[in-house]
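# A look at the structure
Letter by letter, the chains look like this.
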Amino acid sequence: MIAAEPAQPANLSPAPKPVTSALDLIGRTPVLELTGTFDCGPCRLFTKLESANPGGSIKDRIARTMIEEAEADGRLKPGGVIIEATAGNTGLGLAQVGILKGYKLVLVVPDKMAREKIQHLRGLGVDVRITRSDVGKGHPDYYQDIAHRLAADMPGAVYMNQFSNPANPRAHETTTGPELFEQLDGDLDAVVVGVGSGGTLTGLGHYFRKVSPKTEMVLADPAGSILEPLVNRGERVEPGSWIVEGIGEDFVPDNCDLTLLKKGNAFAVTDRESVEAARDLLAKAGVLAGSSSGTLLAAALRYCRAQTEPKRVATFVCDSGNKYLSKVFNDHWLADQGLTDRAITGTLRDLVARNAQEGGAETVGPDDTLDTAYKRMRTADVSQLPVLDDGRLIGLLDESDLLVAVERGPGRFSDRVATAMVAKLNTLQAGEPLDALIPIFERDEVAIVLEGREFLGLITRVDLINHLRRA
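Now for a look at the structure at hand. In this text, all values refer to a predicted model and were calculated from it rather than measured experimentally.

What counts and how
Residues numbered from 1 in each chain as written. Predicted model: local features only at pLDDT ≥ 70, side-chain atom pairs only at ≥ 80, totals over all residues. Heavy atoms only, no water. Helix = DSSP H or I, 4+ residues; strand = E, 2+ residues; numbered from the N terminus. Buried < 20%, exposed > 50% of the residue type's maximum accessible area, 1.4 Å probe, protein only. Phe/Tyr/Trp six-rings, centres within 6.5 Å; stacked < 30°, edge-to-face > 60°. Pairing = 2+ DSSP bridges. Axes fitted to C-alpha atoms, helices over the stretch in contact; angles between N-to-C directions. Salt bridge = Lys/Arg side-chain N within 4 Å of Asp/Glu carboxyl O. Core = buried A, V, L, I, M, F, W, Y, C linked by side-chain atoms within 4.5 Å. Contact = heavy atoms within 4.5 Å. 1 Å grid on protein atoms, 1.4 Å probe; cavity = no way out; pocket = protein on both sides within 12 Å on 5 of 7 lines; lining within 4 Å. Points joined across faces, edges and corners; volume = space filled by probe spheres on them. Polar contact = N/O pair within 3.5 Å; in protein donor to acceptor, adjacent residues only side chain to side chain. Arc of directions from axis to C-beta. Right-handed = clockwise from strand over helix to strand, strands pointing away.

## Considering the environment of Ala268
Secondary-structure assignment places Ala268 in strand E9 (residues 261-269). Between the C-alpha atoms of Ala268 and Gly194, which are 74 residues apart in sequence, the distance is 11 Å.

Structure follows, in structure tokens:
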């Protein structure tokens, strides 16, 4: 008897055929409708999942085009070096394409870039140079100026310069725009984009101006960037700061054609709005996206809700949220940035970043092994662990205690935590003022904070610095 072949769903489209290079996987990304998931007012909202590119972001498109055009005009020769200034994703795209083509990569990145991006780049064998994110164009430590100097001094090097390279917007004009127009059946009223280098805005804007004049370009801009005030009010403001990576600017890039935006079609989005939208996108739609995608989604929803008649609106998931697990999806990091709702009391309670009463503190038990304590320190990226017995604080184990205990031989890792912890503790109450920290830190100790007799958490010098920076 011949077994029947399994039935195929009626709406199943043909699976793509195998390819011989990851370069062939760039583009043709899917589109997801979000209308039934979010309150979109009278509009239908779609998002194009650029996170499906092999390098995980929309920047794979411009990387391929910039490299191929540099090869075609002879600037980039076999065995050459690609140099770029990047907040991460353009660098990842250039590495994704360039390394497969046999080039070396040197990338200059600002120090606010997520560690996952840096680890990804270094895993690809990229030479990553980290520089300051708190200085502007013209400063010797500004990331673009450093990249320009490196390219001038390094034989065989090409500075791709996404901010001025015409291949950047051309990639979107020739691939991203036509794909989106085809996927939405040639009916699109607005496209919401961010501006980092300006390539997406300019490339899509020029494409839709030719094929669909009714399609408006809408800007999602991090609050603190200079672009939204310039578009909406013609104001030139001093740049602020924002945590969102990859979009927002302190100058107008050469590749950024702001004439494509109508007055009022720019939205300033706060860091908190961006983070909440990115987390909502995961919780409600099952899409793991980065902080810039949160900015675009927040602006797109505001645009949709402001309309008085139905419109078809598109935006982008610019990159995958797996690059931001230590930031956007890390509650402790968000608390450190002041992006969570915490009542300010003016007491030590405000400085406890990992609250034990809320399950946020990493702890260890007296009968756990020193090996267990070591692994928890590494996993949580902390240098000390409170020792709790039945919920009661009985000691503290820090990395120096651990080192003293295990330096006599690797077999000591199986010893109990109780044999190495410090049991005599100086504690503070959560309601005490910040001045109470001074004698603790002068003794080179960590502050141990109690709420009555219950352990609340630890306060380190870094916690105090974070608190002062937020203030």
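Structure shown, so let's carry the discussion forward.
## Some remarks on unusual backbone geometry
One non-glycine residue, Asp185, lies in positive phi territory at about 55°. Within the fold, Asp185 resides in the loop between helix H5 (167-183) and strand E7 (190-193). Exposure remark for Asp185: the relative accessible area of 69% places this residue in the exposed category. We note that Asp390 has phi near 60°; this positive angle belongs to a residue other than glycine. Following the sequence through the fold, Asp390 ends up in the loop between strand E11 (384-389) and strand E12 (392-398).

## A word on the packing of aromatic side chains
Going through the model one piece at a time under the given rule, you end up with 8 aromatic pairs. Taking 6.4 Å as the distance between ring centres and 85° as the angle between the ring planes, the aromatic pair formed by Tyr143 and Phe163 counts as edge-to-face. With Tyr143 in helix H4 (residues 143-153) and Phe163 in the loop between strand E6 (157-159) and H5, this residue pair connects regions lying 20 residues apart in the sequence. By the burial criterion, Tyr143 is buried, and Phe163 matches it.

## Here we look at the sheet that holds strand E14 (residues 447-451)
With mixed pairing, the 3 strands of this open sheet are ordered in space as E13-E14-E15. Each edge of the open sheet carries a strand with a single partner, namely strand E13 (427-429) and strand E15 (454-459). Ignoring which end each strand starts from, the neighbouring axes of this sheet average 35° apart.

## Structural notes on the pattern of salt bridges
For the structure shown, the criterion picks out 31 salt bridges. Ionic pairing is found between Asp331 and Arg279, a salt bridge with its closest N-O pair at 2.8 Å. Taken together, the residues span a long stretch of sequence, with Asp331 in helix H10 (residues 331-336) and Arg279 in helix H8 (residues 271-285) at a distance of 52 residues. For Arg279, a relative accessible area of 28% corresponds to the partly exposed category.

## Topic: the nonpolar core
Ranked by internal contacts, the top residues of the largest apolar core, which has 56 residues, are Leu45, Val191, Leu201 and Phe316. At 8 residues, the largest contribution of residues to this core is made by helix H9 (residues 291-305). Other than its neighbours up to four places away in sequence, Leu45 contacts Leu32, Glu33, Leu34, Thr35, Cys40, Leu297, Ala300, Leu301, Cys304, Val313 and Thr315.

## Here we look at the layout of surface pockets
Of the voids in this model, the second largest pocket is the one considered here, and its volume is about 850 Å³. As for the second largest pocket, its lining consists of 29 residues, of which Asp336, Arg354, Ala380, Asp381 and Val382 are closest to the centre.

## Things to note about the environment of Asp398
Structurally, Asp398 can be placed in strand E12. A sequence separation of 48 residues divides Asp398 from Val446, and the C-alpha atoms of the two residues are 9.6 Å apart. Every residue in contact with Asp398, bar those within four places of it in the chain, is listed here: Met377, Ser383 and Gln384. Looking at Asp398, its side chain comes within polar contact range of the main-chain nitrogen of Asp401, at 2.9 Å.

## Observations concerning the side chain of Asn89
Considering the arrangement of structural elements, one finds Asn89 in helix H2 (residues 89-100). Overall, the relative accessible area of 12% leaves Asn89 in the buried class. A polar contact is formed between the side chain of Asn89 and the side chain of Asp319, at a distance of 2.7 Å. Asn89 has contacts with Ser57, Lys59, Lys117, Asp319, Lys323 and Tyr324, leaving out every residue within four places of it along the chain.

## Here we look at helix H14 (residues 461-470)
Listed as buried for H14 are Asp463, Asn466 and His467. Taken end-on, H14 shows its buried residues confined to a sector of 100°, consistent with a single buried face. Turned more than 90 degrees from where H14 packs its buried face, Val462, Ile465, Leu468 and Arg469 sit exposed. For H14, the secondary structure elements touched by its buried residues are H10 and E15.

## A look at the environment of Tyr207
In this fold, Tyr207 is placed in helix H6 (residues 199-211). The buried category is assigned to Tyr207, whose relative accessible area is 11%. The spatial distance from the C-alpha of Tyr207 to the C-alpha of Thr174 is 7.8 Å, given a sequence separation of 33 residues. Setting aside anything within four residues of it in sequence, one finds Tyr207 in contact with Glu173, Gly177, Pro178 and Phe181.

## Digging into helix H11 (residues 370-380)
Because each turn of an α-helix spans 3.6 residues, side chains separated by three or four positions end up pointing in the same direction. Looking at H11, one finds that the buried residues are Leu370, Ala373, Met377 and Ala380. Along the axis of H11, the buried residues cluster in a sector spanning 100°; they form a single face. Set apart from the buried face of H11 by more than 90 degrees, the exposed residues are Arg378 and Thr379. In this fold, the buried residues of H11 make contact with E11, E12 and helix H12 (399-406). One or two residues past the end of H11 sits Asp381, with phi positive at roughly 55°.

## Some thoughts on the pairing of strand E5 (residues 127-131)
Looking at chain direction, strand E4 (residues 104-110) and E5 are connected through 5 bridges and run parallel. Residue pairing for E5: Val108 is matched across the bridge by Arg129. Note on the crossover from E4 through helix H3 (residues 115-123) to E5: the handedness is right-handed.

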